[in-house]
Amino acid sequence: MQIEENLQSDKKEVFLPGDLLSDETGFISGTNTYEEQGKIFSSTTGTINQTNKLIMIKPIKCSYQPQIGEIVIGQIVQIRDKKWIVNIGSSSEATLHLNSTYLPEQRQKTEDDEMNMRQIFSENDLICAEVHSVNNDKSVNLHTRGLKYGKIEDGLLIKVNHYLIVKQKRHFIKLNNNVNMILGHNGQIYLSNQDRTTNNQKVIYCQNYTVQQRIDIANTGKAIKFLQQNQFKISQTSIEKVLNYISEKKPQNDWITLIEQFFLEQKSKQQQQDQ
Amino acid sequence: MLSTGQIEFIKGGIAVNIRSDGRKNNEVREIKLLRSHLICTSGSCKYEGEITIYTGIKLELGDQSQIKINVSSMKRTNDEKQKAQYLQELLESLYKTDMSELKVGQKGWVLVVEVFLLCQIDIAYLEAICTSINEAMSDLRIPTIKVTKNLLTEIEEYELLPNEPTKSFKCDKIYVVGKVGTELVKDMSFEEFYSVDQKLILVQGRNGNNKLRTFDSCGFDADDLMRVLVFIK
């Protein structure tokens, strides 16, 4: 679906790996291209993107490519000397150095901290971090300086395609139904009742879930999954739109049919706008 | 692997009867079962849910009537092959039934059940595999065979009558109502259909006789149990 939409929106010719892009001299090969005997060829499937003499290929579907300043949710895979290896869903591995973590009342990291790294983050822990820098070999350095970032306690993790997530001003969001959401740029969304939106508090409180909170989180999760299935962009407004529509109709039995109706209405609106 | 926070969230949800996707504890996911999906089999089923499973039953005449189950998946690694082997043994031990209805003269029908998963093999899919096999079994059509005995040579001759299929054979239906080694609810009871003492419970219904089976009465040896445990890990 996404591929078709991309193609329809661009309306450009698709190049396969090995296809000739240009055989004239004077052109520069950009990303996702390679040069052989003065000719430029494509190295991935995608559409051509030319700026002056620079030829690039915009891939149709790709793994997550982190950029500086983006917020990601990842899982600790390994602990090495003074650093953690984190899986953030990109093609190359991400590392979190001990010096770029946050400890209360501190200061420079000592040898004791190095010995007790598992007390900060252990294997399989989920963390929220910011991309600090991207190296030349595309490996990523993360940091968790600040109270917003760090280990994520109990909650619901939903994985969606990363290209559906809209870049926004804020990625730590409190929805209308009091569900706190971390919208990771890498396509991982975390729903919980921990408030990370304010900077004033010193400690993030972990509260027990009430039944209503669990129902709200489940409904939000369902809405996100349906947004992904119908290839709609995921943002605070789109999620709240779906939830408002559901709460207005107040369904007792059939959640799924109501959501499908909502998407059909949205699609018909879009088509009318296009015409 | 899930993190400890995610596991606690799931456990807490089950304790108050709300799972993380909004279902109650005794609600199942929506599944779609298509019978007679594969044309060149005697009985088949396509299972569509969170995963897709194709099940087909092939009939052969052998010396003894029996059920053979072959499990395969998309992934082709040594680890996956070992898992498939363990799962086959597990399923064959579950579907051990009285085969007297399948006898044809001195020979018997061999039901070769082929299960193909469009994902990696996992013990969590045991319930899905069992339902798809149950459905394929109820779709099974066995052709009638005319047996004539030569009185002089005492050799049996078999004549296939493909236009007269029978549905006389009913296999056991296996329902997995608990999972191996997973503690779902703290105070568990039979009414809630959950695993008791971390054992697998299976409901077997044939000719109206329902039974509850646990690991002890499944015919598993200690070795089999060890294999299951290794398989889960």
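The sections below set out a description of the structure shown in this document. This one's a predicted model, so the numbers in the text were calculated from it and none came from an experiment.

Helix and strand content of chain A: six helices and 17 strands. Taking all contacts inside chain A whose residues are at least 6 apart in sequence as the whole, residues at least 24 apart take part in 56%.

If you look at the interface, chain B gives 13 residues, while chain A gives 18 residues. Here the residues of the side of chain B that touches chain A are counted per class, giving four nonpolar, seven polar and two charged.

Turning our eyes to something else, we now look at the sheet that holds strand S1 (residues 14-15) of chain A. Strand order across the open sheet formed by four strands is S1-S6-S7-S3 (chain A), with mixed pairing between neighbours. One side of each edge strand has no neighbouring strand; the edge strands of this open sheet are S1 and strand S3 (28-29) of chain A.

Of all eight residues in strand S7 (residues 142-149) of chain B, zero are buried; the element is thus mostly exposed. In sequence, S7(B) turns back onto strand S8 (residues 156-166) of chain B through a hairpin of six residues, with B:Glu154 there showing a positive phi of about 60 degrees.

Moving on: the sheet that holds strand S15 (residues 172-174) of chain A. All names here are of chain A. With respect to topology, four strands assemble into an open sheet ordered S14-S17-S16-S15, the strand pairing being antiparallel. Whereas interior strands pair on both sides, the edge strands pair on one side only; in this sheet they are strand S14 (156-159) and S15. With strand direction ignored, the average angle separating the axes of adjacent strands in the sheet is 20 degrees. Of the pairings in the sheet, the one linking strand S16 (residues 180-183) to strand S17 (residues 188-192) comprises four bridges and is antiparallel in character. Following the sheet pairing, Ile182 is matched in S17 by Tyr190.

Calculation rules
Residues numbered from 1 in each chain as written. Chains lettered and ligands numbered in written order. Predicted model: local features only at pLDDT ≥ 70, side-chain atom pairs only at ≥ 80, totals over all residues. Helix = DSSP H or I, 4+ residues; strand = E, 2+ residues; numbered from the N terminus. Contact = placed C-beta atoms within 7 Å. Nonpolar A, V, L, I, M, F, W, Y, C, P; charged D, E, K, R; others polar. Pairing = 2+ DSSP bridges. Buried ≥ 20, exposed ≤ 12 C-beta atoms within 10 Å, placed from the backbone. Axes fitted to C-alpha atoms, helices over the stretch in contact; angles between N-to-C directions.

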